[in-house]
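# Structural features, examined
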Amino acid sequence: MRTPLMAGNWKMNKTAGQAVHLVQDLAELIKGVKDVEVVVCPPFTALKSISTVIELDRLAIKLGAQDMYWEEKGAFTGEISPIMLKDLRVDYVIVGHSERRQYFGETDETVNKKVRSALDHELIPIVCVGETLEEREREETNIVVEKQIAGGLAGLDPFEVEKLVIAYEPIWAIGTGATATPEVANDVIRHIRAIIGSQFTPPVAKRIRILYGGSVTPENIDDLMDEPDIDGVLVGGASLDAEKFARIVRFGEHQA
Ligand code: PGA
């Protein structure tokens, strides 16, 4: 009932030319995969070329951006607006990634503005939440994600919330090789579903897709996708390798 979503976050990697090769290689390797939504999130500078390839070659891959600003246009040097993303046929946008929270001052308030703006422009936000190692050790994981969700999704209607995607990405597992065990990931994701159920409505909690992210590889994807509450993954490092990401995508198909 919830279509698995396998998303690659390429972060600050790949020139436009390299990005085109990667998406073409990936498309070849996942030919015939059904009932899984596959999304790649290249840097802004590669969106245009990838969008063109997806359209011309009719690839079954959707395009996502890694961030956006909430205003439509104006004097905001260096920023990219939702209108600009729509113009390039972007469907998804990652919002509140921990690297943006950590290095670029993203807060739950700015996440909320971006989420609202994305939904207003028919972009699907992938809203990232997750705790630091210290927070986990202090057993504050649930409180931290509750606060991030309450703030990030403040003021939304239930029908808007069921359209968006949440990615649970424990910060200690990102790019470290230390994946959360499937059970730990599923526990937090189940808790996130419960939060959505009480902050919005139980049917929304049932329908919303919640991903896991943090050192996902072809080796651990099987067990992660076996968990009942994990609807897909947000993959960093392993998504830069077409063969690895294709193997990950194929496990989404098993789950569908
Ligand atoms: P990783 O990154 O797969 O390299 O750990 C995940 C992410 O940051 O989205």
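Description of the structure in this document.

Conventions used here
Residues numbered from 1 in each chain as written. Predicted model: local features only at pLDDT ≥ 70, side-chain atom pairs only at ≥ 80, totals over all residues. Heavy atoms only, no water. Helix = DSSP H or I, 4+ residues; strand = E, 2+ residues; numbered from the N terminus. Contact = heavy atoms within 4.5 Å. Areas by Shrake-Rupley, 256 points an atom, 1.4 Å probe, with all protein chains shown as cover. Lys, Arg positive; Asp, Glu negative; His and termini not counted. Charge placed at Lys NZ, Arg CZ, Asp CG, Glu CD. Expected span 1.5 Å × (residues − 1). Buried < 20%, exposed > 50% of the residue type's maximum accessible area, 1.4 Å probe, protein only. Phe/Tyr/Trp six-rings, centres within 6.5 Å; stacked < 30°, edge-to-face > 60°. Lys NZ or Arg CZ within 6 Å of the ring centre and 35° of its normal.

## Brief notes about the overall build of the protein chain
A count of helical and extended segments in the protein chain gives twelve helices and eight strands. Seen through its C-alpha atoms, the protein chain measures out along the principal axes to roughly 45 × 45 × 35 Å. Contacts in the protein chain between residues far apart in sequence, at least 24 positions, make up 74% of those at least 6 positions apart. Here the protein chain displays about 11,800 Å² of accessible surface, and carbon together with sulfur accounts for 52% of that area. For the protein chain, the centre of its 28 positive side-chain charges and the centre of its 41 negative side-chain charges are spaced 4 Å apart.

## Notes on helix α5 (residues 108–120)
Under the 1.5 Å per step criterion, the end-to-end length of α5 is 18 Å for 13 residues, consistent within 8% with the ideal 18 Å. What α5 keeps buried is the set Asp108, Thr110, Val111, Asn112, Lys114, Val115, Ser117, Ala118 and Leu119. The inward-facing, buried residues of α5 contact α3 (82–87), β4 (92–95), α4 (98–103), β5 (124–129), α7 (141–152) and α8 (158–161).

## Things to note about the packing of aromatic side chains
Scanning the model with the defined rule gives four aromatic pairs in all. Residues tyrosine 69 and phenylalanine 76 carry aromatic rings whose centres are separated by 4.9 Å and whose planes lie at 45° to one another, so their mutual orientation is tilted. Taking relative accessible area as the criterion, tyrosine 69 reaches 16% and is therefore assigned buried. Among the aromatic residues, those joined into a cluster by ring pairs are Tyr69, Trp70 and Phe76. For arginine 100, the ring lying beneath its charged end belongs to phenylalanine 104, and the centroid distance is 4.2 Å.

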